[in-house]
Amino acid sequence: MSNYGKSMELSQKMQECLRTYADMIGTPAPEKKAVYGFMPGLHMSVEEKMLENQLDKLEEGIFQVLFTGGFSAGKSTLLNALMRKDILRTAINAETAVITKIVFGRDEQVVIYMKGEHNKKGESITKKMSVQKFFEEYRVSQEDENKFANVDYVVLYQPEDGIGGSLVQLVDSPGTENSNADTQAARRFAESANAIVHLINSTMPFIEDDKEYIASHYANKHMKNIFFVCNRFDALDEKAQEELKQSTRKQLKDVFTDEKGRFDEKLFNNRVFYTDAYHSLNARIGKQVKTPFGMMKCDDSVTGVPEFEEALGKYLTSDDRDKEAFKGYMSQLASKYVGALNRIETILDGYRKGIDQLKKERDDFDGKKAQLETIISQIEESCRNFVFGILSSAKNEYNSCMNRINVGWDDHFKNTNIKFGFSDMISLAWNKKNDAKVREKTKPFADAVQAYVAQELDRMGKELEKSMVVQLQSLEKQLSIQQQQLESLELPFSLEDLRQSLLGGISGGGDIIIDGGNWTEINLFQVVMGIIGMDPEIVAGGINGKTSNSKAIVDFLIKNVLEYIAIYVVAWPIGIGMIIYRISNMVKGMKAEKNTRAADILLGMKEDTVRALKAEQDRYVMELEDQLSKVTRAGSIMADSIRTQVNDYSVHLNDTISKLKSKSDNFDTETERTNNIKKTLLKEISEMNQMLDGKPLTDSDVRKLAV
């Protein structure tokens, strides 16, 4: 057993290495922090599972020894002796029907692997059962030799240590004469076995089955890992024992040869053993056997099994075979090491890029804010210019109207057909306190002046409407340009956000009634019109080229003002008192007769009428300005709403950066943590290599090993 001491030490270190690697790169767990002094874990669950599988494989042993042989050669008895446990069934007419791998250091059970059957994960489908049930069911029977055709192989787990502790797996194969002996599974185990033990029944040595099997599998192949055990050697007398040894030398001369095909005496002596497995087993389990002299204890030292066991252990652990087995794990560890470093860089880079990206967004946004403020100011200015342009047009049209009235007055009234003579003047003067008589006499003059003034004011209104359409078209065009400028900034909010903010923020002075969703469904012009209370269906799609839309908007904006003109501006200046005053002057002068007097009265009213109309201009402009102020207010509301969204998003960016920085503010802590993981991984694989090759590994060495 001492042969396995160094191998066991290597195995334990490799197991420790695999566990540490799984902890370092797997899922973080608080309990692991207490073990390592820092929180391990890189969330590499796939690699963690691979390492755990490697660990399971290593815990099942690094050496695999295949036992094969003919009918009743005593394979099961020898295996029981090596295990120091009478567990494998032995019988004259029966042997194990399938490949059985014996693994030590695990809870006792049998796991059966089925041929070609896999689950959704690609894993082989298995059946689990007790040892007793397995040996009852999986035995060759004459009734049905093929009942186990779907079984690939079987693993028998034993809790006790076997030879070499748990380093060696023992593989029991069907007898060489069994139809399953040369199955794919048997060949696979033979190819991967570190050693092959072929048993010969000493009482029936080298029968035809044995000879054929040895000739086809071992002869002239220069195999160094084949052992022959002639069991039941105790059943022979001394002469027969000597004859068997001579026969064995002759039968195996083609097996133990050197590279030149010559018989290798030394190798033969180190690989052929003569044993009494039955008495060795009883000696090892403390069971007495019946002899002619009564029940007696067995002496294991004379059974030949200890010598075989020693030679097998020496072979397995010589020539650095154990180290070679462990080196296969080293490349796996190196690969996981490099993968962990890449993962660490990804983690740290993720922190850096996350912060850098948000900072870039914030800086880009800050840069756009200046452009945005210019656009917002232009939106407000467009709305102010719209109002200013209409008011200027209104003033100009009003002045033009007054000029037309003043210039055209004389021509319009000089040939009036109003009948008003001297007697009418006397009657008016006489009845000046009789309102009914006064109204009757002055009504023709008032009607004539009002009709003329109304005609000119109507003309003024039409001109104002035309001017407003031009102004509206200009406003729509400017807002469209400004909207395109907003879109080009690729800001993180939409007009729908603007609409929602306006819905929640406007109070008084008109209600927004716009519906829509995004920039393509609703535009800034609609928003402005919506804020002042326009029906969205009227302004949908804009006004350019749509006279009906233009007229509707103009009516909505200045209808009240035009009504005011009709009621106040026209009627107010033509008072009865002014007409009586003019007629009184005519009476004093006694200058005119018949129609001439009426014309003179009307001509004399021009100056006062024009003066009165001009006096109403400021109030008219104030009424119009008050009505149009909604447009200016709409531009300001919309601009303020956009500014609010901009400020909100700017705050959001800063909050996000702040949160991310505080999350990784301990970027240094995360860097330190991952550096500890890296150091631990390098330390483990370096110490493992020190045990295997006598030298530690650097980071560069491990990277090369991974390649």
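Because the structure is predicted, anything quoted here is derived from the model rather than measured.

### Examining empty space enclosed by the protein
Next up, step 1: Tallying each qualifying case throughout the model produces 2 cavities of 30 Å³ or more.
Next up, step 2: By volume, the second largest cavity amounts to about 60 Å³.
Next up, step 3: Lining of the second largest cavity is provided by Gly70, Phe71, Ala73, Leu199, Ile200, Asn201, Met204, Ile207 and Asp210.

### Looking at the nonpolar core
Next up, step 1: Among the nonpolar cores identified, the biggest contains 75 residues, and Met14, Phe67, Leu170 and Phe308 are the most heavily contacted of them.
Next up, step 2: Examining the composition of this core, we find that 12 residues originate from one element, helix α12 (residues 321-413), more than from any other.
Next up, step 3: When residues no more than four places from it in sequence are discounted, the contact partners of Phe308 are Phe67, Leu78, Leu82, Val197, Phe227, Val229 and Phe273.
Next up, step 4: Core analysis: the second largest hydrophobic core is formed by 67 residues, Cys383, Met460, Leu486 and Ile637 among them.

### Considerations on the layout of surface pockets
Next up, step 1: The space that makes up the largest pocket amounts to roughly 730 Å³.
Next up, step 2: Asp56, Lys57, Glu60, Lys101 and Gln169 are the residues nearest the centre of the largest pocket, which is lined by 26 residues in total.
Next up, step 3: Those elements that place two or more of their residues in the lining of the largest pocket are α3 (45-59), β1 (63-69), β3 (109-118), β4 (124-129), β5 (151-158), α6 (184-192) and α12.
Next up, step 4: Of all the elements, α3 adds the most residues to the lining of the largest pocket, at 4 residues.

### Some points on the environment of Gly61
Next up, step 1: Relative to the helices and strands, Gly61 is located in the loop between α3 and β1.
Next up, step 2: A relative accessible area of 9% means that Gly61 is categorised as buried.
Next up, step 3: Here the alpha-carbon distance between Gly61 and Gly105, two residues 44 residues apart in the chain, equals 9.4 Å.
Next up, step 4: When near neighbours in sequence (up to four residues on either side) are disregarded, Gly61 contacts Ser166, Leu167, Val168 and Gln169.

### Quick look at the pairing of β1
Next up, step 1: Taking burial as the measure, the 7 residues of β1 include 7 buried ones, the bulk of the element.
Next up, step 2: Residues Phe63, Val65, Phe67 and Gly69 of β1 are buried on one face, and the alternating residues Gln64, Leu66 and Thr68, pointing to the opposite face, are buried as well.
Next up, step 3: With 5 bridges joining them, β1 and strand β6 (residues 168-172) adopt parallel strand pairing. Residue Phe67 lies in a different strand from β6, and its bridge partner there is Asp172.

### Some words on the packing of aromatic side chains
Next up, step 1: What the rule picks out here adds up to 15 aromatic pairs.
Next up, step 2: For the ring pair Phe227 and Phe308, a centre distance of 6.1 Å and an interplane angle of 80° mean the geometry is edge-to-face. A residue pair is termed long-range when its members are at least 10 positions apart, and Phe227 in strand β8 (residues 226-231) and Phe308 in helix α11 (residues 305-317) qualify at 81 residues. Side by side, Phe227 and Phe308 carry an identical accessibility label, which is buried.
Next up, step 3: Taken together, a centroid distance of 4.7 Å and an interplanar angle of 50° make the contact between Trp409 and Phe413 tilted. With a gap of 4 residues between them, Trp409 and Phe413 both fall in helix α12, about one helical turn apart.
Next up, step 4: Among the aromatic residues, ring-to-ring pairing joins Tyr213, Tyr218, Phe228, Phe256, Phe263 and Phe268 into one connected group.
Next up, step 5: Positioned above the aromatic ring of Tyr274, the side-chain terminus of Lys245 is 5.6 Å from the ring centre.

### Topic: unusual backbone geometry
Next up, step 1: A positive phi is found at His222, a non-glycine position, where the angle reads about 55°.
Next up, step 2: Residue position: His222 is located in the loop between α7 (208-217) and β8.
Next up, step 3: Residue classification places His222 among the partly exposed positions, given a relative accessible area of 27%.
Next up, step 4: One non-glycine residue with positive phi stands out, namely Arg232, at about 65°.
Next up, step 5: Here Arg232 lies in the loop between β8 and α8 (238-251).

### What about the confidence of the model for the chain?
Next up, step 1: Here the chain shows a mean pLDDT of 81. Residues at 70 or above account for 82%.
Next up, step 2: Per-residue pLDDT, averaged within each element of the chain, yields its smallest value for helix α19 (residues 576-589) (54) and its largest for strand β9 (residues 272-274) (97).
Next up, step 3: Taken together, the stretch residues 91-95 has pLDDT below 50 and engages in 9 contacts with residues farther than four places along the chain or on a different chain.
Next up, step 4: In the model, residues 587-594 has pLDDT below 50 throughout and makes 8 contacts with residues more than four positions away in sequence or in other chains.

### Description of the side chain of Arg271
Next up, step 1: The residue Arg271 is located in helix α9 (residues 265-271) in this model.
Next up, step 2: Within the structure, the side chain of Arg271 is placed 2.8 Å from the backbone oxygen of Lys224, a separation counted as a polar contact.
Next up, step 3: Leave out the neighbours within four places in its chain, and Arg271 touches Lys224, Ile226, Phe227, Phe228, Phe256 and Tyr315.

### A word on the pairing of β8
Next up, step 1: With 6 of its 6 residues buried, β8 lies for the most part within the structure.
Next up, step 2: When strand β7 (residues 195-201) meets β8, the two strands line up parallel, connected through 6 bridges. Pairing of His198 across the sheet is with Phe228, part of β8.
Next up, step 3: Taking the sense of rotation as the criterion, the β-α-β connection linking β7, α7 and β8 turns out right-handed.
Next up, step 4: Pairing geometry for β8 and β9, over 3 bridges, is parallel. Its bridge partner lying in β9, Val229 is registered against Phe273.

### Brief notes about the pattern of salt bridges
Next up, step 1: One pass over the structure, following the stated rule, counts 33 salt bridges.
Next up, step 2: Between Arg106 and Asp56 there is a salt bridge, with the nearest N and O atoms lying 4.0 Å from each other. With Arg106 in the loop between β2 (100-104) and β3 and Asp56 in helix α3, the pair connects residues that are 50 residues apart, well separated along the chain.
Next up, step 3: Overall, the relative accessible area of 36% leaves Asp56 in the partly exposed class.
Next up, step 4: For Lys414, the salt bridge is made with Asp411, and the minimal N-O distance between the two is 3.7 Å.
Next up, step 5: The exposure class assigned to Lys414 is partly exposed, which follows from its relative accessible area of 48%.

Cut-off values and rules
Residues numbered from 1 in each chain as written. Predicted model: local features only at pLDDT ≥ 70, side-chain atom pairs only at ≥ 80, totals over all residues. Heavy atoms only, no water. 1 Å grid on protein atoms, 1.4 Å probe; cavity = no way out; pocket = protein on both sides within 12 Å on 5 of 7 lines; lining within 4 Å. Points joined across faces, edges and corners; volume = space filled by probe spheres on them. Core = buried A, V, L, I, M, F, W, Y, C linked by side-chain atoms within 4.5 Å. Buried < 20%, exposed > 50% of the residue type's maximum accessible area, 1.4 Å probe, protein only. Helix = DSSP H or I, 4+ residues; strand = E, 2+ residues; numbered from the N terminus. Contact = heavy atoms within 4.5 Å. Pairing = 2+ DSSP bridges. Phe/Tyr/Trp six-rings, centres within 6.5 Å; stacked < 30°, edge-to-face > 60°. Lys NZ or Arg CZ within 6 Å of the ring centre and 35° of its normal. pLDDT = per-residue confidence, 0-100. Polar contact = N/O pair within 3.5 Å; in protein donor to acceptor, adjacent residues only side chain to side chain. Right-handed = clockwise from strand over helix to strand, strands pointing away. Salt bridge = Lys/Arg side-chain N within 4 Å of Asp/Glu carboxyl O.

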